[in-house]
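This is what each chain is made of:
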Amino acid sequence: RDGAVPGPIYVFGDPIVLLRSNRSQAAPILGWGPQFLDSRAWRELYRDLRSDPPPYIVVDRHVGSFVESRYPKIVSFIRSAYEVALVGESGTWYTHR
């Protein structure tokens, strides 16, 4: 899109969204299988997203509710540092403030 901010993206959900964005992944831990993350991985992901916030984070509905139940600090971080840019089929797109 015109006016899009360059940089990596992080997707909580379908990895096809990441692929189709033509951007690199913002953190080394994948966002499409959060049910497989242990407490250490959640802490590392939270640290990575906070230390170098990507311009965009995408959260699909199903995965988003799972993230909120497993590691609500990430959801709080997204709500405090990002604003909703788009709600679509792929999920909610957040843009860094």
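First, a word on scope: everything that follows refers to the structure included in this document. Keep in mind the model is a prediction, meaning the values are calculated, not measured.

## Digging into the packing of helix α3 (residues 61-70) against helix α4 (residues 72-81)
Okay, step 1: Between α3 and α4, whose axes approach to 5 Å, the crossing angle comes to 115°. Considering their axes alone, α3 and α4 lie roughly perpendicular with respect to each other. Taking contact as the criterion, the partners of V67, E68 and R70 in α3 are, on α4, P72, I74, V75 and R79.
Okay, step 2: Tallied by class, the residues present in the contact of α3 with α4 amount to 4 nonpolar, no polar and 3 charged.

## Structural notes on α4
Okay, step 1: For α4, the complete set of buried residues consists of I74, V75, F77, I78 and A81. Seen end-on, α4 carries its buried residues on one side only, within an arc spanning 160°. Exposed side of α4, more than 90 degrees from the buried face: R79 and S80 are the residues found there.
Okay, step 2: Tucked inside the fold, the buried residues of α4 contact β1 (9-12), α2 (39-51), β2 (56-59), α3, β3 (82-88) and β4 (91-96).

## Focus on the side chain of D60
Okay, step 1: Of note, D60 is situated in the loop between β2 and α3.
Okay, step 2: It is R61 that comes nearest to the buried, bridge-free D60 among opposite-charge side chains, at 7.3 Å.
Okay, step 3: Apart from the residues lying within four places of it in its own chain, the contact partners of D60 are F12, G13, D14, S90 and G91.

## Here we look at α3
Okay, step 1: Taken together, the buried positions of α3 are V63, G64 and V67. The arc enclosing the buried residues of α3, seen along the axis, measures out at 105°, which places them on a common side. Exposed side of α3, more than 90 degrees from the buried face: R61, H62 and S69 are the residues found there.
Okay, step 2: As for α3, its buried residues are in contact with β1, α2, β2 and α4.
Okay, step 3: The opening residue of α3, the one whose side-chain oxygen lies 3.2 Å from the backbone nitrogen of H62, is D60.

## Considerations on the nonpolar core
As a rule of thumb, nonpolar side chains are buried together in soluble globular proteins.
Okay, step 1: In this structure, Y10, F12, L45, L49, I74 and I78 are the most contacted members of the largest nonpolar core, which totals 22 residues.
Okay, step 2: Sorting the residues of this core by element identifies β1, α2, β2, α3 and α4 as the ones contributing at least two each.
Okay, step 3: Sequence-distant contacts of L49, that is, excluding residues within four places in its chain, are made with Y10, F12, A27, P54, I74 and F77.
Okay, step 4: Judged by nonpolar contacts, the second largest core, of 7 residues, contains I9, V17, Y56 and V58.

Quick notes on the rules
Residues numbered from 1 in each chain as written. Predicted model: local features only at pLDDT ≥ 70, side-chain atom pairs only at ≥ 80, totals over all residues. Heavy atoms only, no water. Axes fitted to C-alpha atoms, helices over the stretch in contact; angles between N-to-C directions. Helix = DSSP H or I, 4+ residues; strand = E, 2+ residues; numbered from the N terminus. Parallel < 35°, antiparallel > 145°, perpendicular 65-115°, else oblique. Contact = heavy atoms within 4.5 Å. Nonpolar A, V, L, I, M, F, W, Y, C, P; charged D, E, K, R; others polar. Buried < 20%, exposed > 50% of the residue type's maximum accessible area, 1.4 Å probe, protein only. Arc of directions from axis to C-beta. Lys, Arg positive; Asp, Glu negative; His and termini not counted. Salt bridge = Lys/Arg side-chain N within 4 Å of Asp/Glu carboxyl O. Polar contact = N/O pair within 3.5 Å; in protein donor to acceptor, adjacent residues only side chain to side chain. Core = buried A, V, L, I, M, F, W, Y, C linked by side-chain atoms within 4.5 Å.

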